[in-house]
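Coordinates in review
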Amino acid sequence: MRLGEKINKAITPVILMQYYILALIFVLSFISNATPFFGAPYTIIASTLLIQEGVNPYNFLEVVIVSGIGSAIAKSVMYMIGYGLGSTLKNNKNVKFFHQSIKGRSFYLVLFLTAILPFFPFDDFVFLVGGAGKASIIKMLEITIFSKILKSSMEIGIEVTGLIQISRLTDIPSVELGIISSILFAILGFLLFKIDWEKMYKRVERYFNVSDRNST
C-alpha cells in the first residue's frame, strides 16, 4: 500500500465518523448565536460532543472550525435585524449606550474584540449597530469568523481539559458534566441579558470617580 493511501485510510474514518456530529455542532452554534443577546453555551456543547466522540487533533480542529464558522455566520441575523429596524432600535437603551461607547473608536477593532469575548454577547450590539448603519456585512463576517474560530480554539481547549480533570476528581462522567455546565451557563447567559449595561457602567464610573477624589 502506498504512503498516500495509508494516510487517507487513517484520516478518512475520523472525518466520516464526525460528519453528523459536525453538522449538529454547526446547527447548535448557529442557533445559539442567532438568538438575540441570549443562547446556549455552544462551546461547552461542542466540547461535550468532542469528548463523547474522542479527543484527537483531527476532531479538535474540525470542531473548532465548524463551531467558529457557525457562530460567526449566525451574527448575520443580528445584522439583518439592525438593517430592518434601524430607526426603531435607536430607542433601545442598551443599543444607544453601546453605539455611543464605540464612537471615535475603530468599528472593526471593536467588532473583533467583542466577538472573541466569552459570556458577554456584546458583538450582537455591534452587528445591530452595523446593520442600522449599513456597514459591509462581508467585511464584518470575515473579521467575526476569524475571531470566533480563535475563541472556539481557546474555549474548547480549556473546557475539554477542565471537564476531563473534574471528571477524574469527582468520578462524574465528562459528558454529564458538560450537560450540567451547559444548563448552568445558559441560565447565566439569561441573567446577563437582563442586566441594564448602561446603568452598570455608570455605577462603575461613579465608583472610580469617588475613589479618585478620595485619593487626592
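Owing to the predicted nature of the structure, the values given are computational and were not obtained by experimental measurement.

1. Some points on the environment of L28
- Relative to the assigned elements, L28 resides in helix α1 (residues 3-34).
- Taking the C-alpha atoms as reference, L28 lies 8.5 Å from S71; in sequence the two are 43 residues apart.

2. Quick notes on the nonpolar core
- Counting residues in hydrophobic clusters, the biggest one holds 13 residues, and the most contacted among them are I25, A46, L50, V63, I156 and V160.
- Residue assignment for this core shows that the elements contributing at least two residues are α1, α2 (42-53), α3 (57-84) and α8 (137-170).
- The dominant element in this core, judged by the number of residues it contributes, is α2, at 4 residues.
- Those residues in contact with V160, other than ones at most four positions away along the chain, are S47, L50, I51 and V55.

3. Structural notes on the environment of I81
- Position of I81 among the secondary structure elements: in helix α3.
- A residue is classified by how much of its surface remains accessible, and I81, at 28% relative accessible area, is partly exposed.
- Distance from I81 to V129, taken between C-alpha atoms, is 9.7 Å for residues 48 residues apart in sequence.

4. Concerning the packing of aromatic side chains
- The full count for this structure, using the stated rule, is 2 aromatic pairs.
- A ring pair is formed by Y79 and Y83, whose centres lie 6.5 Å apart and whose planes are at 20°; its orientation type is stacked. One end of the pair is Y79 and the other is Y83, both in helix α3 and 4 residues apart, which spans about a single turn.
- By relative accessible area, Y79 is classed as buried at 7%.
- Residue classification places Y83 among the partly exposed positions, given a relative accessible area of 44%.
- Arranged with centres 6.1 Å apart and planes meeting at 20°, the rings of F112 and F146 form a pair that is stacked. You can see F112 sitting in helix α6 (residues 107-116) and its partner F146 sitting in helix α8, a full 34 residues away along the chain.
- Classification of F112 as partly exposed rests on a relative accessible area of 22%.
- In this arrangement the basic side chain of K139 is found over the ring face of Y108, its NZ or CZ atom lying 4.5 Å from the centre.

5. Notes on the side chain of S147
- Position of S147 relative to the elements: it lies in helix α8.
- For S147, a relative accessible area of 0% translates into the label buried.
- Not counting residues up to four positions away in its chain, the partners in contact with S147 are F112, A115 and I116.

What counts, and where the lines are drawn
- Residues numbered from 1 in each chain as written.
- Predicted model: local features only at pLDDT ≥ 70, side-chain atom pairs only at ≥ 80, totals over all residues.
- Heavy atoms only, no water.
- Helix = DSSP H or I, 4+ residues; strand = E, 2+ residues; numbered from the N terminus.
- Core = buried A, V, L, I, M, F, W, Y, C linked by side-chain atoms within 4.5 Å.
- Buried < 20%, exposed > 50% of the residue type's maximum accessible area, 1.4 Å probe, protein only.
- Contact = heavy atoms within 4.5 Å.
- Phe/Tyr/Trp six-rings, centres within 6.5 Å; stacked < 30°, edge-to-face > 60°.
- Lys NZ or Arg CZ within 6 Å of the ring centre and 35° of its normal.

Purely geometric numbers; function is a separate question.
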